[in-house]
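Below are the chains, spelled out letter by letter.
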Amino acid sequence: MPSDPESIEAAVRAQHQRQPFSGVVQVRHDGRLLFAEAFGLADRAGRLPNTISTRFGTASGTKTFTAVAVCQLVEAGVLSLDTRLADAVEVPLPRFDPGITIHHLLTHTSGAPDYFDEDELDAQADFAAAFGDLPLDQVRSPADVVPLFAGKPMKCPPGERFHYNNGAFVLLGLSIEQASGMSYADYIEEHVFARAGMDDAGFFEMDQLPPRTALGYLPDGRVNTRELTARGMPDGGAFVTAGDMSHFWAALTEGRLMGPETAALMMRPHVEIDSSDDDGRHYGYGLWLTLRDGDVRRYTCTGADPGVAFISALFPARQLELTVLGNTEGDAWPLFGSLERLIGA
């Protein structure tokens with residue numbers, strides 16, 4: 001594996017020249033920082049550059065943190081993976097199958113309707129359209145989103161198949177609130193971010209972003225603050241730094257977020273998504289898994305929103321972490337791919 005910073009820097013700069021990137025790239029191997037560099041501007045109007053300590057949106061990467069919270073509550077005996085949705089949340093869901101469980105929600109196999117079905121809507125272009133007449137600046141808690149899909153019919157029976165479902169994680173957020181007696185954001189900040197040492201991570205008001213937070217930019221140059229919900233939801237919207245993600249992976253694998261048995265349950269494959277590459281792509285609890293010869297080659301936490309591109313991956317056999325955070329759309333994944341090819345992970 002090329003582990004010298006010079007080779008990594010050359011690959012990053014070559015890809016940046018092919019497709020300019022705005023954000024942060026970080027590579028760590030065996031706990032050692034190999035490469036970290038920032039590109040572009042966090043605030044174009046103010047000419048403020050991105051830095052290594054800039055906070056970026058994670059979009060659907062937040063689902064991983066939601067899954068950690070649920071697993072913590074399962075470990076504490078407050079929830080069970082077999083707990084029925086109807087027993088976990090106190091909201092009317094008249095057309096939902098009574099057999100839906102927490103496990104189904106965590107693995108996108110509930111068959112439940114969604115407020116933002118990514119088979120039908122583009123995650124970046126159509127986000128605001130999914131909210132209809134509900135103003136995005138009024139969406140600040142999971143309960144605000146539920147009316148968008150509570151009355152829709154099931155897509156398929158629970159457990160029948162994988163179907164990526166944002167609404168399922170909104171419901172998991174409600175279950176966290178009911179089980180813990182805390183707001184979703186407060187629970188994640190206290191029991192996930194603080195315990196992991198993710199000191200810069202948080203759920204911020206889009207119209208009151210704290211210092212060192214990158215504004216997201218749409219392809220036409222507009223800022224994304226009016227294109228996303230006023231505050232992050234359980235299915236997307238937390239902000240982190242590259243350093244926060246290193247702390248997260250370490251905390252998850254070293255037992256500081258949950259016990260080893262619970263972590264192993266979260267990080268094992270629960271449902272196969274496709275089998276076209278090696279042993280196929282799978283989903284655990286809030287994590288994407290790529291297998292090779294039956295072993296997990298890569299754990300991935302990723303997401304995309306208007307003005308947000310985020311991917312952070314752990315390659316366990318190589319003791320390698322690779323994180324790319326961007327505040328423009330689409331250019332993070334080619335950069336991640338070029339680095340993955342370089343390191344041969």
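The structure this text deals with has already been given above.
In this text, all values refer to a predicted model and were calculated from it rather than measured experimentally. (Residues numbered from 1 in each chain as written. Predicted model: local features only at pLDDT ≥ 70, side-chain atom pairs only at ≥ 80, totals over all residues. Heavy atoms only, no water.)

Engineer: Please clarify how helix α10 (residues 332-343) should be interpreted in this entry.
Structural biologist: Between its first and last C-alpha atoms α10 spans 17 Å; for 12 residues at 1.5 Å apiece the expected length is 16 Å, and the two agree. Every buried residue of α10 is accounted for by Ala-332, Leu-335, Phe-336, Gly-337, Ser-338, Leu-339, Glu-340 and Ile-343. Packing partners of the buried residues in α10 comprise α1 (5-18), β1 (23-29), β10 (295-305), β11 (308-315) and β12 (320-326). In the stretch just after α10, Gly-344 is the one whose phi turns positive, near 65°. (Helix = DSSP H or I, 4+ residues; strand = E, 2+ residues; numbered from the N terminus. Expected span 1.5 Å × (residues − 1). Buried < 20%, exposed > 50% of the residue type's maximum accessible area, 1.4 Å probe, protein only. Contact = heavy atoms within 4.5 Å.)

Engineer: Please clarify how the pattern of salt bridges should be interpreted in this entry.
Structural biologist: One side chain can pair with another of opposite charge once the charged atoms of both are near each other. Under the counting rule described, the total for this entry stands at 12 salt bridges. The salt bridge partner of Asp-220 is Arg-222, with a shortest N-O separation of 2.8 Å. For Asp-220, a relative accessible area of 52% gives the class exposed. For Arg-222, a relative accessible area of 43% puts it in the partly exposed group. The residue Glu-340 makes a salt bridge to Arg-297 at a minimum N-O spacing of 3.1 Å. Of this pair, Glu-340 sits in helix α10 while Arg-297 sits in strand β10, placing them 43 residues apart in sequence. With relative accessibility at 15%, the residue Glu-340 sits in the buried group. Within this structure, Glu-9, Arg-13 and Glu-37 form a network of salt bridges that share partners. (Salt bridge = Lys/Arg side-chain N within 4 Å of Asp/Glu carboxyl O.)

Engineer: Could you clarify how one ought to interpret the packing of aromatic side chains in this entry?
Structural biologist: Think of a pair of aromatic rings as described by two things: how far the centres are apart, and how the planes are tilted against each other in angle. Using the criterion set out here, one finds 15 aromatic pairs in the structure. Here the aromatic residues Phe-65, Tyr-184, Phe-193, Phe-203, Phe-248 and Trp-249 are joined through ring pairs into a cluster of three or more. Over the ring of Tyr-217 we find Arg-44; its NZ or CZ atom is 4.1 Å from the centre of that ring. (Phe/Tyr/Trp six-rings, centres within 6.5 Å; stacked < 30°, edge-to-face > 60°. Lys NZ or Arg CZ within 6 Å of the ring centre and 35° of its normal.)

Engineer: What should I look at first to understand the side chain of Glu-227 in this one?
Structural biologist: Relative to the elements of secondary structure, Glu-227 occurs in the loop between α7 (184-196) and β6 (239-240). Owing to a relative accessible area of 19%, Glu-227 belongs among the buried residues under this scheme. A polar side-chain atom of Glu-227 sits 2.9 Å from a polar atom in the side chain of Arg-222. (Polar contact = N/O pair within 3.5 Å; in protein donor to acceptor, adjacent residues only side chain to side chain.)

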